[in-house]
Amino acid sequence: MPQEIPTETLSAAPFRPVLTRHADAETCADPSSVMTLLADSDSTADGFTSYRSTFAKGAVGAPAHFHTKATELFFVISGSLQVLVGEEVTVLEAGDFLAVPPHTPHAFAAAPGCEADVLFVFTPGMGRFDYLRLLGRVMRGEADPKEIAESAERFDNHYVDSPAWRAALEASA
């Protein structure tokens with residue numbers, strides 16, 4: 001039998017419960033993926049940011065990068081996701097979970113010949129939805145790619161070179 005949560009417990013929580021209905025969620029699309037924006041830090045008092053991405057076959061998600069403040073969590077809902085963590089490349093399958101701590105280079109793409117549906121969560125959260133919107137505009141040719149580089153500090157996205165990731169992408173091409 002469910003227990004009722006005392007009101008004083010809710011008021012002590014760092015943020016109110018967050019519910020995003022599928023029909024109300026904003027989506028951002030680029031030529032190879034659709035991102036469903038679920039909860040940004042403005043609604044979670046910096047507790048987390050979450051979105052869902054569906055990647056077409058062969059879609060490249062993000063180049064090698066790291067975050068200085070956030071841990072990035074990946075949960076593969078369906079399909080297969082190729083990931084770089086540090087200098088190791090592996091494939092996550094449906095049901096797999098990965099947590100990448102701050103300062104760890106990582107990258108991701110749909111695994112060769114596969115689609116992927118992935119839930120992403122960043123904790124602590126920060127306003128990342130504007131970054132995802134910018135990324136979509138750049139991928140569609142509506143914004144200059146240098147805007148991404150200029151936003152590194154704002155969105156805690158720091159791009160790095162990864163020979164291991166380049167080799168993995170070349171092998172799957």
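Going by the structure above, here's the rest.
Residues numbered from 1 in each chain as written. Predicted model: local features only at pLDDT ≥ 70, side-chain atom pairs only at ≥ 80, totals over all residues. Heavy atoms only, no water.

What to know about the pairing of strand β1 (residues 26–30)
Regular strands place side chains that alternate from one sheet face to the opposite one.
Right, on to step 1. One ladder, built from five bridges, connects β1 with strand β2 (residues 33–39); its direction is antiparallel. Paired with C28 across the bridge in β2 is M35.
Right, on to step 2. Where β1 folds back on β2, the antiparallel hairpin that results is connected by two residues. (Pairing = 2+ DSSP bridges. Helix = DSSP H or I, 4+ residues; strand = E, 2+ residues; numbered from the N terminus.)

A closer look at the environment of F120
Right, on to step 1. Position of F120 among the secondary structure elements: in strand β9 (residues 116–123).
Right, on to step 2. Those residues in contact with F120, other than ones at most four positions away along the chain, are T49, S50, Y51, S53, F55, E72, L73, F74 and F108. (Contact = heavy atoms within 4.5 Å.)

Considering the packing of aromatic side chains
Right, on to step 1. Tallied over the entire structure, the rule returns seven aromatic pairs.
Right, on to step 2. With centroids separated by 6.0 Å and ring planes inclined at 70°, the aromatic side chains of F55 and F108 adopt a geometry described as edge-to-face. With a gap of 53 residues between them, F55 in strand β3 (residues 49–55) and F108 in strand β8 (residues 106–110) connect regions that are remote in the sequence.
Right, on to step 3. The buried category is assigned to F108, whose relative accessible area is 5%.
Right, on to step 4. A cation over an aromatic ring shows up here: R128 above the ring of F122, its NZ or CZ 4.2 Å from the ring centre. (Phe/Tyr/Trp six-rings, centres within 6.5 Å; stacked < 30°, edge-to-face > 60°. Buried < 20%, exposed > 50% of the residue type's maximum accessible area, 1.4 Å probe, protein only. Lys NZ or Arg CZ within 6 Å of the ring centre and 35° of its normal.)

Observations regarding a nonpolar patch on the surface
Right, on to step 1. A cluster of nonpolar residues, F75, I77 and F97, forms a patch on the protein surface that exposes about 270 Å² of accessible area.
Right, on to step 2. Secondary-structure assignment places I77 in strand β5 (residues 71–85). (Patch = residues over 30% accessible without salt bridge, like charges linked within 9 Å, V, L, I, M, F, W, Y side chains within 5 Å. Areas by Shrake-Rupley, 256 points an atom, 1.4 Å probe, with all protein chains shown as cover. Salt bridge = Lys/Arg side-chain N within 4 Å of Asp/Glu carboxyl O.)

Section: helix α3 (residues 129–139)
Right, on to step 1. Those residues of α3 that sit buried are F129, Y131, L132, L134, L135, G136 and V138.
Right, on to step 2. One or two positions beyond α3, positive phi appears at G141, with a value near 80°.

Let's talk about the layout of surface pockets
Any space left empty among the atoms is revealed by the rolling of a water-sized probe across them.
Right, on to step 1. Of the volumes computed, that of the largest pocket is approximately 330 Å³.
Right, on to step 2. As for the largest pocket, its lining consists of 24 residues, and the residues nearest its centre are G61, A62, P63, F108 and L135.
Right, on to step 3. Breaking the lining of the largest pocket down by element, the ones donating at least two residues are β2, β3, β4 (60–66), α3 and α6 (163–172). (1 Å grid on protein atoms, 1.4 Å probe; cavity = no way out; pocket = protein on both sides within 12 Å on 5 of 7 lines; lining within 4 Å. Points joined across faces, edges and corners; volume = space filled by probe spheres on them.)

Quick look at the pairing of β8
Right, on to step 1. Burial runs high along β8: five of the five residues are buried.
Right, on to step 2. As paired elements, β4 and β8 share three bridges and run antiparallel to each other. Each bridged residue has a counterpart across the sheet, and for V60 the counterpart in β8 is A109.
Right, on to step 3. In this structure, β5 lies alongside β8, joined through five bridges in antiparallel fashion. Paired with L84 across the strands is A107, a residue of β8.

Section: the side chain of H67
Right, on to step 1. Assignment of secondary structure puts H67 in the loop between β4 and β5.
Right, on to step 2. According to the relative accessible area criterion, H67 is buried, its value standing at 2%.
Right, on to step 3. A distance of 3.4 Å separates polar atoms of two side chains, one belonging to H67 and the other to H65.
Right, on to step 4. A distance of 2.9 Å separates the side chain of H67 from the side chain of E72, its partner in a polar contact.
Right, on to step 5. Dropping the residues within four chain positions of it, H67 is found in contact with E72, P102, H103, H106, F122, R128, D156, N157 and H158. (Polar contact = N/O pair within 3.5 Å; in protein donor to acceptor, adjacent residues only side chain to side chain.)

Some remarks on unusual backbone geometry
Residues other than glycine predominantly adopt negative phi, and peptide bonds predominantly adopt the trans conformation.
Right, on to step 1. Following T123, the chain continues into P124 via a peptide bond in cis, with omega recorded as -5°.
Right, on to step 2. Phi is positive for H103, close to 70°, though the residue is something other than glycine.
Right, on to step 3. On the secondary structure map, H103 appears in the loop between β7 (97–100) and β8.
Right, on to step 4. Since its relative accessible area comes to 53%, H103 is described here as exposed.
Right, on to step 5. The backbone of D156 sits at a positive phi, close to 55°, despite the residue not being glycine.
Right, on to step 6. Here D156 is to be found in the loop between α5 (152–155) and β10 (158–159).

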